[in-house]
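Close look at the chain arrangement
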Amino acid sequence: MRSLRHFDLNLLLVFEMLMRERHVTRAAEKLHLSQPALSHALKRLREALDDPLLVRSGQGLQPTPRALALLPVVHQSLAALQAGLAPPATFAAATSTRHFTLATTDYFEEVMYPAFLSQLLRSAPGLSFSIELITPDVLNEALEQRQVDMVVGLDYQDTLPTGVIQTPWMDEELVCLVASDHAGVGEGVDLEQFVSQPHVELADISGLRPSSIDSCLVQHGLTRRVISKNLNYIAAARVVALTEAIMTLPRQMAERFVTMLPVRLVEPPKELPLLKMTLIQHGLYVNAPTSVWLYNELVAFAVKHGLKS
């Protein structure tokens, strides 16, 4: 026999069917081949293995000792290939005790995560989750090493590390927040008024592009003065409540602070973009059953809340 590199593995399917049927016409029908095509395949098999394999006798085609010895090997090999090529089993969330790690924004963790987790645990009580900050290490290493399963809620990025996949998830409207007694700002601001105010900003520790707000201002030849950069929204909102600064944040988060602090909503300049939140995962695992399940659950959550981008 020639080396395996020169052997047509499709001939193993022909061999197995012929051994099962012991009849060329029936084997051809089962393989959806013409009888001449199957006869040609049998000829190639005989040449490749240097053995007649099946010999016509008074009882039809009879296997040679070589064919009988080869049959269990072919059966085992084809079964292994079939199992290996089959799609992976779906993730059985209802009975799983899998632990997921999400790297998220402060906004997702505060506004959406509690409802998301509560919804999941009703049908999959054995699951557990950890929340981490979105850092350069998460995007450059932790996703690839599967220390983090998914980055949730980061604003759309023009560039990401190689191998990382970003998909749209939710769109959220941005609004402004000022102290309740801030006399210098009315119910809304235009771009000129917006940049004339001192700003409180949420610090970006992801190490990625400038904020979409600053990018928008640059396009209009404007900049803003930031008097405080904070690591979380609640601290930033407290600064706003005690100063004459303005803060820009997602509407759902801002509405929460209005009930908690002496602050009020202000409609932002119409030029400000939407917050375009994304789901980010590594291409190595995008088709893994657990990743597919988690992605689908997050998308369903966005659809349910009317925020799907």
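The structure under discussion appears in the preceding block.
Residues numbered from 1 in each chain as written. Predicted model: local features only at pLDDT ≥ 70, side-chain atom pairs only at ≥ 80, totals over all residues. Heavy atoms only, no water.

1. Description of the overall build of the protein
Looking only at helices and strands, the protein has 11 helices and 12 strands in total. Here the C-alpha radius of gyration of the protein, 32 Å, is well above what a compact globule of 309 residues would show, namely 19 Å. Based on the C-alpha atoms only, the size of the protein along its principal axes is roughly 105 × 45 × 30 Å. Looking at the 309 residues of the protein, the share that counts as buried comes to 43%. If you take every contact in the protein between residues at least 6 apart in sequence, the share linking residues at least 24 apart comes to 76%. Here the protein has roughly 16400 Å² of accessible surface; of this, 55% comes from carbon and sulfur atoms. (Helix = DSSP H or I, 4+ residues; strand = E, 2+ residues; numbered from the N terminus. Rg over C-alpha atoms; globule rule 2.2 N^0.38 Å. Buried < 20%, exposed > 50% of the residue type's maximum accessible area, 1.4 Å probe, protein only. Contact = heavy atoms within 4.5 Å. Areas by Shrake-Rupley, 256 points an atom, 1.4 Å probe, with all protein chains shown as cover.)

2. Looking at the pattern of salt bridges
Going through the model one piece at a time under the given rule, you end up with 13 salt bridges. Its salt-bridge partner being lysine 43, residue glutamate 47 comes within 2.7 Å of it at the nearest N-O pair. Taken together, the residues span about one helical turn, with glutamate 47 and lysine 43 both in helix α3 (residues 35-49) at a distance of 4 residues. For glutamate 47, a relative accessible area of 52% puts it in the exposed group. Notably, a salt bridge pairs lysine 276 with aspartate 171, separated by 3.2 Å at the nearest N-O pair. Of the two residues, lysine 276 sits in strand β12 (residues 275-282) while aspartate 171 sits in strand β6 (residues 164-172), which places them 105 residues apart along the sequence. Taking the relative accessible area as the measure of exposure, lysine 276 reaches 40% and is therefore partly exposed. Connected via shared salt-bridge partners are Glu201, Asp214, Arg224 and Lys229. (Salt bridge = Lys/Arg side-chain N within 4 Å of Asp/Glu carboxyl O.)

3. Thoughts on the packing of aromatic side chains
All told, the structure shown has 9 aromatic pairs when counted by the stated rule. With a centroid separation of 6.0 Å and an interplanar angle of 80 degrees, the aromatic rings of phenylalanine 91 and phenylalanine 100 are classed as edge-to-face. Summarising the burial analysis for this pair, phenylalanine 91 and phenylalanine 100 share the class buried. With a centroid separation of 5.3 Å and an interplanar angle of 20 degrees, the aromatic rings of phenylalanine 100 and phenylalanine 129 are classed as stacked. Residue phenylalanine 100 is located in strand β3 (residues 99-104), and its partner phenylalanine 129 is located in strand β4 (residues 128-133); the two are separated by 29 residues in the primary sequence. By relative accessible area, which is 1% here, phenylalanine 100 ends up buried. (Phe/Tyr/Trp six-rings, centres within 6.5 Å; stacked < 30°, edge-to-face > 60°.)

4. Structural notes on the sheet that holds strand β5 (residues 150-155)
Read across the open sheet, the 5 strands follow the order β4-β3-β5-β12-β6; overall the sheet is mixed. The open sheet is flanked by β4 and β6, the only strands paired with a single partner. When the angles between neighbouring strand axes are averaged without regard to direction, this sheet yields 25 degrees. Where β3 and β4 come together, 6 bridges link them in parallel fashion. Bridging from a neighbouring strand, leucine 102 pairs with isoleucine 131 of β4. (Pairing = 2+ DSSP bridges. Axes fitted to C-alpha atoms, helices over the stretch in contact; angles between N-to-C directions.)

5. Digging into the sheet that holds strand β9 (residues 225-230)
In space, the 5 strands of this open sheet follow the order β9-β8-β10-β7-β11, with mixed pairing throughout. In the strand order of this sheet, the two ends are held by β9 and β11 (263-266), each with one partner. Across this sheet, the average inter-strand angle for adjacent strands is 35 degrees, counted without regard to direction. As judged from the 5 bridges shared by strand β8 (residues 198-202) and β9, these two strands associate in the parallel manner. By the bridge assignment for β9, glutamate 201 is matched with lysine 229. Against the sheet, helix α9 (residues 233-242) makes contact with β7 (174-179), β8, β9, β10 (246-250) and β11, and its axis sits at roughly 145 degrees relative to β10, the strand it touches most.

6. Here we look at the pairing of β5
With respect to burial, β5 is a largely interior element, 6 of its 6 residues being buried. Summarising the sheet, β3 and β5 pair through 3 bridges and their orientation is parallel. Of the residues in β5, the one forming a bridge with threonine 104 is valine 152. The sheet contact formed by β5 and β12 spans 4 bridges and is antiparallel. Of the residues in β12, the one forming a bridge with valine 151 is isoleucine 280.

7. A short note on the packing of α9 against helix α10 (residues 251-260)
For the pair α9 and α10, the least separation of the axes is 11 Å and the interaxial angle reads 55 degrees. Classified by the interaxial angle, the pair formed by α9 and α10 is oblique. The chirality of how α9 crosses α10 is right-handed. Residues Tyr233, Ile234 and Ala237 of α9 pack against Met253, Phe257 and Met260 of α10. The residue inventory of the contact of α9 with α10, partitioned by class, reads 6 nonpolar, no polar and no charged. (Parallel < 35°, antiparallel > 145°, perpendicular 65-115°, else oblique. Left-handed = near helix turned anticlockwise from the far one by under 90°. Nonpolar A, V, L, I, M, F, W, Y, C, P; charged D, E, K, R; others polar.)

8. Quick word on the nonpolar core
Membership of the largest hydrophobic core comes to 58 residues, with the highest contact counts inside it found for Phe108, Met112, Trp169, Phe194, Phe257, Leu294 and Leu298. Here this core takes 7 residues from helix α5 (residues 106-123), the largest share from any one element. Aside from chain neighbours lying at most four places away, what touches leucine 298 is Phe108, Phe116, Met150, Val152, Trp169 and Leu279. (Core = buried A, V, L, I, M, F, W, Y, C linked by side-chain atoms within 4.5 Å.)

9. Section: the side chain of threonine 101
Within the secondary structure layout, threonine 101 lies in strand β3. Beyond its immediate sequence surroundings of up to four residues, threonine 101 is in contact with Ser130, Glu132, Gln147, Val148, Asp149 and Met150.

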